[in-house]
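# Coordinate analysis (summary)
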Amino acid sequence: MQSEKLHIIPHNHVIDKGDRNTQKQHASFVIWLVGLSGSGKSTLANLLEQELYKRNVNTYILDGDNVRSGLNKDLTFNDTDRKENIRRIGEVAKLMVDAGIVVITAFITPFETERNTLKSLFSEGDYYEIYIDCPVEECEKRDVKGLYRKARAGEISHFTGISSPFEIPTSPDISIPTYKQSIEESLDQILQSILPKLKTIK
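Residues numbered from 1 in each chain as written. Predicted model: local features only at pLDDT ≥ 70, side-chain atom pairs only at ≥ 80, totals over all residues. Heavy atoms only, no water.

Along the backbone of the chain there are 8 helices and 5 strands. In the chain, the succession of helices and strands from N to C terminus is α-β-α-β-α-α-β-α-β-α-α-β-α. Over its C-alpha atoms the chain spans a radius of gyration of 18 Å, differing by no more than 12% from the 17 Å that the globule rule assigns to 202 residues. Counting only C-alpha atoms, the chain reaches 55 × 50 × 30 Å along its principal axes. Out of the 202 residues in the chain, the part that is buried amounts to 44%. For the chain, the share of sequence-separated contacts (at least 6 apart) that also reach a separation of at least 24 residues comes to 76%. Entry remark: accessible area of the chain is about 11,400 Å², with carbon and sulfur atoms responsible for 52%. Within the chain, the 29 negative side-chain charges are centred at a point lying 2 Å from the centre of the 26 positive side-chain charges. (Helix = DSSP H or I, 4+ residues; strand = E, 2+ residues; numbered from the N terminus. Rg over C-alpha atoms; globule rule 2.2 N^0.38 Å. Buried < 20%, exposed > 50% of the residue type's maximum accessible area, 1.4 Å probe, protein only. Contact = heavy atoms within 4.5 Å. Areas by Shrake-Rupley, 256 points an atom, 1.4 Å probe, with all protein chains shown as cover. Lys, Arg positive; Asp, Glu negative; His and termini not counted. Charge placed at Lys NZ, Arg CZ, Asp CG, Glu CD.)

Applying the stated criterion across every chain, the model contains 10 salt bridges. With a closest N to O distance of 3.5 Å, Asp126 and Lys17 form a salt bridge. Of this pair, Asp126 sits in the loop between helix H5 (112–121) and strand S4 (127–133) while Lys17 sits in helix H1 (residues 17–24), placing them 109 residues apart in sequence. The class of Asp126 is buried, set by a relative accessible area of 6%. (Salt bridge = Lys/Arg side-chain N within 4 Å of Asp/Glu carboxyl O.)

We now examine the pairing of strand S1 (residues 30–34). Most of S1 sits out of view: 5 of its 5 residues are buried. Side chains Val30, Trp32 and Val34 project from S1 onto one buried face, and the interleaved Ile31 and Leu33 project onto a second face that is buried too. Bridge analysis of S1 against strand S3 (residues 102–106) gives 4 bridges, and the strand direction is parallel. For Trp32, the partnering residue across the bridge sits in S3 and is Thr105. With 5 bridges connecting them, S1 and S4 associate as parallel partners. By the bridge assignment, Val34 is partnered in S4 with Tyr131. (Pairing = 2+ DSSP bridges.)

What follows is about the side chain of Lys197. Note on placement: Lys197 falls in helix H8 (residues 183–198). Buried charged residue Lys197 carries no salt bridge. Nearest counter-charge: Asp126, at 6.2 Å. Looking at Lys197, its side chain comes within polar contact range of the main-chain oxygen of Gly125, at 2.8 Å. When near neighbours in sequence (up to four residues on either side) are disregarded, Lys197 contacts Ala27, Phe29, Gly125 and Tyr128. (Polar contact = N/O pair within 3.5 Å; in protein donor to acceptor, adjacent residues only side chain to side chain.)

This brings us to the pairing of S3. Counted residue by residue, S3 has 5 buried out of 5 residues, so it is predominantly covered. Alternating positions in S3 separate into two faces, Val102, Ile104 and Ala106 on one and Val103 and Thr105 on the other, with burial throughout. Both strand S2 (residues 59–63) and S3 contribute to a ladder of 5 bridges, which runs parallel. Of the residues in S3, the one forming a bridge with Asp63 is Ala106.

Side chains that are three or four residues apart share a direction in an α-helix, a result of its 3.6 residues per turn. Helix length check: H8 (16 residues) gives 22 Å between terminal C-alpha atoms against 22 Å at 1.5 Å per residue, within 8%. If you look at H8, its biggest bend is around 25°, right at Gln192, and the proline Pro196 turns up within four residues after that. Among the residues making up H8, those that are buried are Ser186, Leu187, Ile190, Leu191, Ser193, Ile194, Lys197 and Leu198. Buried residues in H8 make contact with S1, helix H2 (41–54), S3, S4 and strand S5 (174–177). (Expected span 1.5 Å × (residues − 1). Bend = angle between axes of the 7 residues up to and from the residue.)

All right, on to the packing of aromatic side chains then. For the coordinates displayed, the defined rule picks out 5 aromatic pairs. The interplanar angle of 45° and the centroid separation of 6.2 Å between the aromatic rings of Trp32 and Tyr127 together place this pair among those described as tilted. Here Trp32, found in strand S1, pairs with Tyr127, found in strand S4; they are 95 residues apart in sequence, far enough to count as distant. One exposure class covers both Trp32 and Tyr127, and it is buried. Three or more aromatic residues joined by ring pairs form one cluster here, namely Trp32, Phe107, Phe122 and Tyr127. (Phe/Tyr/Trp six-rings, centres within 6.5 Å; stacked < 30°, edge-to-face > 60°.)

In structure tokens:
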């Protein structure tokens, strides 16, 4: 298997990311929303995409449940498969960024090692990590999907915050404390940090 990989030779195409950014008139990068289930990641991802769409920004959302319904439906929720889930999404996001798209992801991404691995996939400035900060106690109160209740009842194994750990990001680009500010305030905070990056075409 290893010897076969020696025959893989990536092709250099004439049109590159810079050309696509120039054509679309904005930079492309991935906005990776990190946080517990119920913290507000998917809600903010949807609202952020709507705001960027109004500004003629080419976007696409990669969301946990949606991806696991297709691309990653063969994976379980044990720690090994969860890391593979994130690895695959990182590679897909990297391709989409190269295509000139602003990718918005909403994944728990619980381990610092995998977040560091993700960052290493991208060129400098192309990975923007946003920690959606909300304590597990508050997330469990919300429990929009009823997942915490099922986890407490033993119906869901390897559930982050209950039976599987969540490592708080040590160096996110920004933190959004959704437990103590409105969703509108959170969205505005993200927009204020993202909009300047869109103007930087490499």
